[in-house]
Amino acid sequence: MGEARELLALLVLFLTYLGLGVGYLPGYRMNRAGIALVGAASLILLGVLDLEAAWRALDPNTLVFLFGVMVLNAQLGYAGFFPWATLGLLRLARSPFALLVLLTYGAGALSAFFLNDTMALLLTPLVLELTRALRLPPLPYLLALAGATNLGSVATLTGNPQNILVGALSGIPYLDFARALAPVALLGLALQVGLLALLFPETRSLAPLPPLAPFRFRLHRGMLAKGLGVAGLLFLAFLLGYPLAQGALVAAGVVLFTRRLRSERFFLRVDWELLVMFGGLFMVTEGVRALSLLDPLRPLAGTPLGLLLTAVLLSNLVSNVPAVLLLAPLVEDQKGWLLLAGASTLAGNLTLLGSVANLIVAEAARRAGERVSFWDHLRFGLPLTLLSLGVLYLFLF
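Description of the structure in this document. It should be emphasised that the depicted structure is a prediction, and the values quoted were computed from it without experimental measurement.

## Some details on helix H6 (residues 96-114)
At step 1: For H6, built from 19 residues, the straight-helix expectation of 27 Å at 1.5 Å per residue is met to within 8% by its first-to-last C-alpha distance of 26 Å.
At step 2: Along H6, the positions that sit buried rather than exposed are Pro-96, Leu-99, Leu-100, Leu-103, Thr-104, Gly-106, Ala-107, Gly-108, Leu-110, Ser-111, Ala-112 and Phe-114.
At step 3: Immediately downstream of H6, the backbone of Leu-115 shows phi near 75°, a positive value.

Okay, structure coming up:
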């Protein structure tokens with residue numbers, strides 16, 4: 001490959017990862033999915049990859065697993081499961097502090113099984129409506145939701161896209177992953193409650209809350225029963241060692257076999273942009289390997305602490321999924337995979353820009369007239385990230 005073309009390829013990679021990190025390229029109307037795909041196409045044009053190599057770079061297990069989980073989430077979303085489950089938990093709250101605890105652990109538990117970004121999208125309007133009805137300040141509860149979706153998703157392979165990627169690439173069984181990282185998630189959620197109570201004195205109140213007015217949402221009991229049944233059998237299959245992608249695809253097939261909703265309704269709720277972004281990233285990462293650009297990272301990621309710090313740094317520079325793809329070739333054992341999954345997820349709490357879930361919460365709040373600023377998040381997210389990363393490292397090593 002000529003020197004000029006190699007320099008152009010390096011420029012393409014720089015712009016691609018810059019765009020992935022900030023979510024856009026100045027002057028261009030492209031999101032992360034478009035940026036990843038344009039980056040991959042440019043590398044093919046420059047001869048870094050040919051189409052066959054780019055196709056081989058795709059990991060079908062990751063893409064199929066992610067698709068299957070999205071279809072199942074669509075079934076439960078149309079059934080009304082998420083507001084039903086969340087309100088069921090929050091009705092138990094008798095004080096602002098109890099509400100903080102139940103919201104933290106409820107959102108964390110749901111995120112562990114149904115993808116953190118989905119929970120952030122579905123639960124933010126509910127939290128805003130709830131805090132306004134109870135005349136509580138929304139900010140600490142919005143921060144609780146953002147942090148809990150990231151922390152809770154650490155616990156399982158189905159918690160977030162980077163865990164799904166780690167599961168597909170490493171072959172770690174579902175139960176082994178949860179056994180290792182669920183305690184980290186539980187302790188992290190406890191740290192979050194303590195930190196928010198410290199930063200926001202009003203959340204420490206044990207004064208009784210006013211009665212909660214009825215919330216209107218549609219609950220389809222037949223769809224709910226089917227969705228929960230399929231989800232329960234799927235997680236049982238995971239625990240018994242059934243292949244993750246195969247199980248998710250079978251679950252999607254069962255969900256789509258219905259007379260209640262047209263298939264198009266399910267496909268509208270599949271995050272096709274995320275799947276396209278994954279596909280483009282697989283190709284871009286293959287280009288990084290072809291250019292031997294991972295070599296400088298090997299000394300940095302050669303020790304557990306070095307891998308943790310590198311994962312945190314890259315996750316905040318280029319986002320967590322690209323960071324996992326970049327570091328995956330450097331991971332040598334199961335503890336390394338667990339450390340990579342945990343660090344890349346927990347790093348999402350560091351800044352408002354650290355994870356898509358944070359941005360979803362902040363943007364939904366902005367549209368509703370509430371503000372979650374970068375600094376509001378940083379004074380909460382920085383100590384939470386440092387403490388939870390310490391817990392992760394101590395538990396694994």
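## Quick look at helix H5 (residues 81-90)
At step 1: Within H5, burial applies to Phe-81, Phe-82, Ala-85, Thr-86, Leu-87 and Leu-90.
At step 2: Lining the buried residues of H5 we find helix H4 (60-79), H6, helix H7 (116-133) and helix H11 (221-239).

## With respect to the environment of Phe-215
At step 1: Structurally, Phe-215 can be placed in the loop between helix H10 (174-199) and H11.
At step 2: Relative accessible area serves as the criterion here: at 12%, Phe-215 is assigned to the buried category.
At step 3: Along the chain, Phe-215 and Ala-185 lie 30 residues apart, while their C-alpha atoms are 30 Å from each other.
At step 4: Apart from the residues within four sequence positions on either side, Phe-215 is in contact with Leu-87, Arg-91, Leu-126, Glu-129 and Leu-130.

## Some points on a nonpolar patch on the surface
At step 1: Together, Leu-8, Leu-11, Phe-14, Leu-15, Leu-18, Val-22 and Tyr-24 make up an exposed nonpolar region whose accessible area comes to about 650 Å².
At step 2: Along the chain, the position of Phe-14 falls in helix H1 (residues 3-22).

## Side note on the pattern of salt bridges
Any two side chains of opposite charge can pair, on the condition that their charged atoms come close.
At step 1: Here the structure, examined in full by the defined rule, presents six salt bridges.
At step 2: In this structure, the salt-bridge partner of Arg-56 is Glu-52, at a minimum N-O distance of 3.2 Å. Residue Arg-56 and its partner Glu-52 are both found in helix H3 (residues 51-57); the two are separated by four residues, about one turn of the helix.
At step 3: Classification of Arg-56 by relative accessible area gives exposed; the value is 57%.
At step 4: Classification of Glu-52 by relative accessible area gives exposed; the value is 55%.
At step 5: When the shortest N-O distance is used, the salt bridge between Arg-289 and Glu-286 registers 3.0 Å. Placement of the pair is Arg-289 and Glu-286 together in helix H14 (residues 272-290), with a separation of three residues, close to one helical turn.

Procedures and definitions
Residues numbered from 1 in each chain as written. Predicted model: local features only at pLDDT ≥ 70, side-chain atom pairs only at ≥ 80, totals over all residues. Heavy atoms only, no water. Helix = DSSP H or I, 4+ residues; strand = E, 2+ residues; numbered from the N terminus. Expected span 1.5 Å × (residues − 1). Buried < 20%, exposed > 50% of the residue type's maximum accessible area, 1.4 Å probe, protein only. Contact = heavy atoms within 4.5 Å. Patch = residues over 30% accessible without salt bridge, like charges linked within 9 Å, V, L, I, M, F, W, Y side chains within 5 Å. Areas by Shrake-Rupley, 256 points an atom, 1.4 Å probe, with all protein chains shown as cover. Salt bridge = Lys/Arg side-chain N within 4 Å of Asp/Glu carboxyl O.

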